[in-house]
Amino acid sequence: MSSVKSVKTWFQIHKWTSLICTLFLLMLCLTGLPLIFHEEIEELEGKPKLAKELPAGTKAAGLDKLETAALAAFPKKVVRYIYWDEHEPNTTTFSLSDSINAAPDNFTTVIVDDRTAEVLEAPNLQEGFMYIMLQMHIDMFLGIGGKLFLGLMGLLFVAAIISGMMLYSPIMKRFNFGMVRTEKSTRLKWLDLHNLLGVVTIVWGTVVGLTGVINTMSEVVLGLWQVGQLSEMTAPYKNAQPLTGKLSSLDGAMAVAEKAAPEMEPSLVAYPGTPFTSKHHYAVFMKGNTPLTKRIIKPALVDAKTGSLTDMRDMPWYVNTLFVSQPLHFGDYGGLPLKIIWALFDIATIVILGSGLYLWFARNKATKAHLNRLNKQDFESLTVLAEKEN
């Protein structure tokens, strides 16, 4: 009796968690598919590398000179961030805004050649097919509210996976694993296929679902880091006078950070006054130099007036968890072979979600037809009784 009651409970959990999240999960799977291959899609478009071929050993111009070139192209703006795109060698990217404390979406991207300090491109990163796919996948153009909502859908997805397994276990005690009853009704065939694909993708679905939930918490996680570790690192400057005059050399700040972490390479530089540092520091974020460690970030705070290193620490575990989960969510660890595997699982999940909707509608239709037959039989019985009494 308890077993029957347990199955009914798991069925209700599976039904409602699936129904609530299915349409949003379908959207995430469909938008996620091109995002898995975004690098390959860009290559197919035939876009050449931005930096020109120069003789081997050509010296880099230096960050100070690159900054001057970027600001010369947009003299009314200020630099907030510098970062490097591993898919565009020999280039440095500057993120410029109208002011140091402008809104996050107020930015102009400028890509500069590392060696010649030539401005190569100022792309608009807020347009195009891939931008739409990315924003729909991240927050549906709804900001942090959209992110948190999709995070909730991800939790429901994981609950649907777990409850589905709890329902599939007793079925497998009576049937062979992988059973698909093609000789039976269409509904039974799709039910068996739905169950089989669900079992095959259970690990992938759980990993992608949970990493997706973690990614939707990025603002929350970074906010905790800002009020926690970052506040501790910048505490000695809490009552310091505002910065005035020319800032210390960017090249000097980079050299200090690289000396402090010789086995790492720069990932991003945040300027004083931006959310990822204080009003008195360059924050040079260093990363590992292997495929497995390049998501482990270590911030170095460099006094923007004196050019000296004031603090450098490992990121807290919850920040590293966020950074590690991002490439894992899109299968971006093992090159093209892993991306293909991720895409196949993605397509299988689309079939699971679609078949789940079909099974729900088919079940409702069958239930209504059964109730109509019962009602018709009751009506006919009452009619017969009424005729006999008359």
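Let me begin by describing the structure that accompanies this report. (Residues numbered from 1 in each chain as written. Predicted model: local features only at pLDDT ≥ 70, side-chain atom pairs only at ≥ 80, totals over all residues. Heavy atoms only, no water.)

**Remarks on the overall build of the protein chain**
Then, number 1: When its secondary structure is counted, the protein chain shows 11 helices and eight strands.
Then, number 2: Whereas a compact globule of 390 residues would reach a radius of gyration of roughly 21 Å, the protein chain reaches 28 Å, over 25% beyond that.
Then, number 3: Dimensions of the protein chain, computed from the C-alpha atoms along their principal axes, are close to 105 × 50 × 40 Å.
Then, number 4: Residue burial in the protein chain is summarised as follows: out of 390 residues, 38% are buried. (Helix = DSSP H or I, 4+ residues; strand = E, 2+ residues; numbered from the N terminus. Rg over C-alpha atoms; globule rule 2.2 N^0.38 Å. Buried < 20%, exposed > 50% of the residue type's maximum accessible area, 1.4 Å probe, protein only.)

**So, a nonpolar patch on the surface**
Then, number 1: A cluster of nonpolar side chains, Ile 144, Leu 148, Met 217, Val 220, Leu 224 and Val 227, forms an exposed patch at the surface whose accessible area comes to about 490 Å².
Then, number 2: Taken together, the elements giving at least two residues each to the nonpolar patch come down to helix H5 (143–172) and helix H8 (218–234).
Then, number 3: The element contributing the most residues to the nonpolar patch is H8, with three residues.
Then, number 4: With respect to the helices and strands, the residue Ile 144 is situated in helix H5. (Patch = residues over 30% accessible without salt bridge, like charges linked within 9 Å, V, L, I, M, F, W, Y side chains within 5 Å. Areas by Shrake-Rupley, 256 points an atom, 1.4 Å probe, with all protein chains shown as cover. Salt bridge = Lys/Arg side-chain N within 4 Å of Asp/Glu carboxyl O.)

**Let's talk about the pattern of salt bridges**
Two side chains with opposite charge may pair up if their charged atoms get near one another.
Then, number 1: Counted according to the given criterion, the structure contains 10 salt bridges.
Then, number 2: In this structure, Lys 287 engages Glu 265 in a salt bridge whose closest nitrogen and oxygen atoms are separated by 4.0 Å. Here Lys 287, found in strand S6 (residues 281–288), pairs with Glu 265, found in strand S5 (residues 264–270); they are 22 residues apart in sequence, far enough to count as distant.
Then, number 3: Measuring nitrogen to oxygen at the nearest pair gives 3.7 Å for the salt bridge that ties Lys 298 to Asp 314. Taken together, the residues span a long stretch of sequence, with Lys 298 in strand S7 (residues 297–303) and Asp 314 in the loop between strand S8 (309–312) and helix H10 (317–329) at a distance of 16 residues.
Then, number 4: Under the relative-accessibility criterion, Lys 298 is labelled partly exposed at 22%.
Then, number 5: Among the charged side chains, a salt-bridge network with shared partners connects Glu 39, Glu 40 and Lys 339.

**Notes on the sheet that holds S8**
Then, number 1: Spatial strand order, S4-S3-S2-S1-S5-S6-S7-S8: eight strands in an open sheet with antiparallel pairing. The two strands at the open ends of the sheet, each matched to only one other strand, are strand S4 (119–121) and S8. Adjacent strand axes in the sheet meet at a mean angle of 30°, parallel and antiparallel pairs treated alike.
Then, number 2: Across six bridges, the pairing between S5 and S6 is antiparallel. Across the sheet, residue Pro 266 finds its bridge partner in S6, namely Met 286.
Then, number 3: Packing of H8 onto the sheet brings it into contact with S6, S7 and S8, and relative to S7 it is tilted by some 40°. (Pairing = 2+ DSSP bridges. Axes fitted to C-alpha atoms, helices over the stretch in contact; angles between N-to-C directions. Contact = heavy atoms within 4.5 Å.)

**Topic: the nonpolar core**
A general feature of soluble globular proteins is that nonpolar side chains tend to end up buried together.
Then, number 1: The biggest cluster of nonpolar side chains holds 26 residues, and the ones touching the most others in it are Ile 82, Phe 94, Val 112, Leu 250, Val 269, Tyr 282 and Met 286.
Then, number 2: Elements that contribute at least two residues to this core include exactly helix H3 (63–73), strand S1 (78–83), strand S2 (91–97), strand S3 (108–113), helix H9 (250–260), S5, S6 and S7. (Core = buried A, V, L, I, M, F, W, Y, C linked by side-chain atoms within 4.5 Å.)

**Remarks on the layout of surface pockets**
Then, number 1: By volume, the second largest pocket amounts to about 1,100 Å³.
Then, number 2: Together, 37 residues line the second largest pocket, and His 14, Leu 167, Leu 191, His 194 and Asn 195 are the ones closest to its centre.
Then, number 3: When residues of the lining of the second largest pocket are traced back to their parent elements, those giving at least two are helix H1 (2–36), H5, helix H6 (186–200), helix H7 (202–216) and helix H11 (335–389).
Then, number 4: Each residue belonging to the lining of the second largest pocket can be placed in one class, and the counts come to 21 nonpolar, 11 polar and five charged. (1 Å grid on protein atoms, 1.4 Å probe; cavity = no way out; pocket = protein on both sides within 12 Å on 5 of 7 lines; lining within 4 Å. Points joined across faces, edges and corners; volume = space filled by probe spheres on them. Nonpolar A, V, L, I, M, F, W, Y, C, P; charged D, E, K, R; others polar.)

**Let's talk about H10**
Then, number 1: An ideal rise of 1.5 Å per residue puts 18 Å on 13 residues; H10 measures up with 18 Å between its terminal C-alpha atoms.
Then, number 2: Looking one or two residues beyond H10, the residue adopting positive phi is Gly 331, at roughly 65°. (Expected span 1.5 Å × (residues − 1).)

**Quick notes on the environment of Thr 306**
Then, number 1: Assignment of secondary structure puts Thr 306 in the loop between S7 and S8.
Then, number 2: Among the polar contacts made by the side chain of Thr 306, one reaches the side chain of Ser 308 at a distance of 2.9 Å. (Polar contact = N/O pair within 3.5 Å; in protein donor to acceptor, adjacent residues only side chain to side chain.)

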